[in-house]
Amino acid sequence: MKAILLLIGLLLTAASHAQPEPQAEAPVLSAKSYLLYDYTSNQILLDHNGHERMEPASLTKLMTAYLTFDAIKQGKLRLDQSLTVPVDAPRNTNGESRMLLKPGQTVTVDELLHGLIVQSGNDAAITLAEQIAGTEAGFVVLMNKEAQRLNMKNSHFVNPVGMPDVQHYSSAYDMAMLAAALVRDFPEHYALFGLRDFTFNNVTQANRNRLLWLDPYADGLKTGHTESAGYCLVGSAKRDNHRLISVVLGADSDSLRASGSQKLLNYGFQSFDAIRLYQNSQPVTRVRVWKGTESHVDLGFRQDLYLTIPKGQFAQLKASVETRHPIMAPLTSGEQTGMLKVTLKGKPYAEFPLIALDSVNLANVFSRGWDSVRLLIQKYNPW
């Protein structure tokens, strides 16, 4: 391996990170599980039982919303499309949250999404689920397929609303990944999660997410509660270009889930900086390519690369680039050819895969033969 030392004085899909250790003391919440995720840099900043399987309650509807947004994107649904409320949707068992739909009523997809996200309506979730998949059971199959695709390893769903079941579970980490997917994949619909209330059939219901009133930077996402799950909340806030996602599961009260979420978000913004190290397609280094139509290729990243570190520690960042040697043509644009390794205060902190920013085709026979000779000479006479 060939290592080239670099100073991170330049303004980089994360591979792996050490969890940051800021000077400020991390908050301790009265909840079974909680996690703070930095969406901007794809880093976990705080984790307490984040991978434990827990009841998600109505946080389940984040997956229902995701699949609905996806159906709209694929042209299977339209926001202005009118649907008929199925007979089994407007139930009221065990005090379920409802949009107050009636069997046979006509309602638009847009209204149902407002009812699902703002009012947490089980009736809205069931109506959308049956429209998309034909049956609730069919929709549950889609939910679990999507959870697998999103790498939600500790999640399994048995209904689209979050009713308790021993086989219905998720984790704080998985919910953070789902929230991140909503932000990333459907920005055109994200504003729904920041609405404080919604009026349907002349009845106004407030969003149960108190963060939307407590924190001026908060803009989502969803609450959940059952007696067995406790009080749950997936929150998010954005300051400038820095977005954080908080997850609290199993709090003892509505006020504790909201205040705990706010503590997590404040801790993240006050204790960390998300720094853009490299821009999309900015060359990090240039390396030799053998037996190709080009002698060199630039290595870098296909999207802006951010790294979150404790505040005030930027000057203590250093990095090295490691590449395989020799690099042989043909080389495809986007092919991983090296690794950027970052240290903070002399300790390993993060690693990022480097890709070729351009393709290099195989050279003609004469050029390939000449490079073979040069490589042989270099092997026995490295200096």
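Up top is the structure these notes are about.
Small disclaimer: the values here were computed from a predicted structure and weren't measured.

**Concerning the overall build of the protein**
Part 1 of the argument: Counting its secondary structure elements, the protein contains eight helices and 18 strands.
Part 2 of the argument: Each of the three principal axes of the protein carries a C-alpha extent, and together these read 80 × 50 × 35 Å.
Part 3 of the argument: Taking all 383 residues of the protein together, 52% fall into the buried category.
Part 4 of the argument: Summed over its atoms, the accessible surface of the protein is roughly 17700 Å², and 49% of this surface lies on carbon and sulfur atoms.
Part 5 of the argument: Computed over 37 positive and 36 negative side-chain charges, the inter-centroid distance for the protein is 7 Å.

**Re helix α2 (residues 109-117)**
Residue pairs spaced three or four apart in an α-helix point in one direction, given the helix's 3.6 residues per turn.
Part 1 of the argument: Taking burial as the measure, the nine residues of α2 include seven buried ones, the bulk of the element.
Part 2 of the argument: Of the residues making up α2, those classed as buried are Val 109, Leu 112, Leu 113, His 114, Gly 115, Leu 116 and Ile 117.
Part 3 of the argument: Those residues of α2 that are buried are in contact with α1 (61-73), β5 (82-84), β6 (106-108), α3 (122-133), β7 (197-200) and β9 (218-226).

**What to know about the pairing of strand β4 (residues 43-48)**
In regular strands, side chains alternate between the two faces of the sheet.
Part 1 of the argument: When strand β3 (residues 33-38) meets β4, the two strands line up antiparallel, connected through five bridges. For Leu 35, the partnering residue across the bridge sits in β4 and is Asp 47.
Part 2 of the argument: If you look at the hairpin formed by β3 and β4, you'll find four residues sitting between the two strands, and Asn 42 has a positive phi there, around 60 degrees.

**Here's the deal with the environment of Gly 121**
Part 1 of the argument: Positionally, Gly 121 belongs in the loop between α2 and α3.
Part 2 of the argument: Residue Gly 121 is classed as buried on the basis of its relative accessible area of 0%.
Part 3 of the argument: If we ignore the near neighbours within four places in the chain, the residues touching Gly 121 are Lys 61, Ser 97, Arg 98, Met 99, Gly 115 and Leu 116.

**So, the side chain of Thr 68**
Part 1 of the argument: By secondary structure assignment, the location of Thr 68 is in helix α1.
Part 2 of the argument: Since its relative accessible area comes to 0%, Thr 68 is described here as buried.
Part 3 of the argument: Setting aside its immediate chain neighbours within four residues, Thr 68 contacts Leu 77, Leu 113, Leu 128 and Ile 132.

**Let's talk about the pattern of salt bridges**
Part 1 of the argument: In this structure the tally under the stated criterion is eleven salt bridges.
Part 2 of the argument: One salt bridge in this structure joins Glu 335 and Arg 324, with 3.2 Å as the shortest N-O distance. Of this pair, Glu 335 sits in the loop between β16 (317-323) and β17 (336-344) while Arg 324 sits in the loop between β16 and β17; the two residues are eleven residues apart in sequence, bridging distant segments of the chain.
Part 3 of the argument: Overall, Glu 335 belongs to the partly exposed group, its relative accessible area being 28%.

**Details of the pairing of β9**
Part 1 of the argument: With eight of nine residues buried, β9 lies mostly within the body of the structure.
Part 2 of the argument: As judged from the eight bridges shared by β9 and strand β10 (residues 230-239), these two strands associate in the antiparallel manner. If you follow Lys 222 over to β10, its bridge partner there is Val 234.
Part 3 of the argument: If you look at the hairpin formed by β9 and β10, you'll find three residues sitting between the two strands.

The rules behind each value
Residue indices follow the written sequence of each chain, beginning from 1 at its first position. For a predicted model such as this one, the threshold for reporting local features is a pLDDT of at least 70, and the threshold for listing and counting side-chain atom pairs is 80 or more; totals across whole chains, interfaces and linings nevertheless cover every residue. With hydrogens and water set aside, each side-chain value is computed from the structure's full complement of heavy atoms. To qualify as a helix, a DSSP run of H or I must reach at least 4 residues; to qualify as a strand, a run of E must reach at least 2; elements of each kind are numbered from the N terminus. We call a residue buried when its accessible area falls under 20% of the maximum for its residue type, exposed when it is over 50%, and partly exposed in between, using a 1.4 Å probe and counting protein chains only. Computed by Shrake-Rupley with a 1.4 Å probe, the accessible areas treat only the displayed protein chains as cover when residues are assessed. Just so you know, the count uses Lys and Arg for positive and Asp and Glu for negative, and it drops His and the chain ends. One atom stands in for each charge, and that atom is NZ of Lys, CZ of Arg, CG of Asp or CD of Glu. Here, two residues are considered to be in contact whenever any of their heavy atoms come within 4.5 Å of each other. Strand pairing is assigned whenever DSSP identifies at least 2 bridges connecting the two strands. Any carboxyl oxygen of Asp or Glu within 4 Å of a side-chain nitrogen of Lys or Arg constitutes a salt bridge here.

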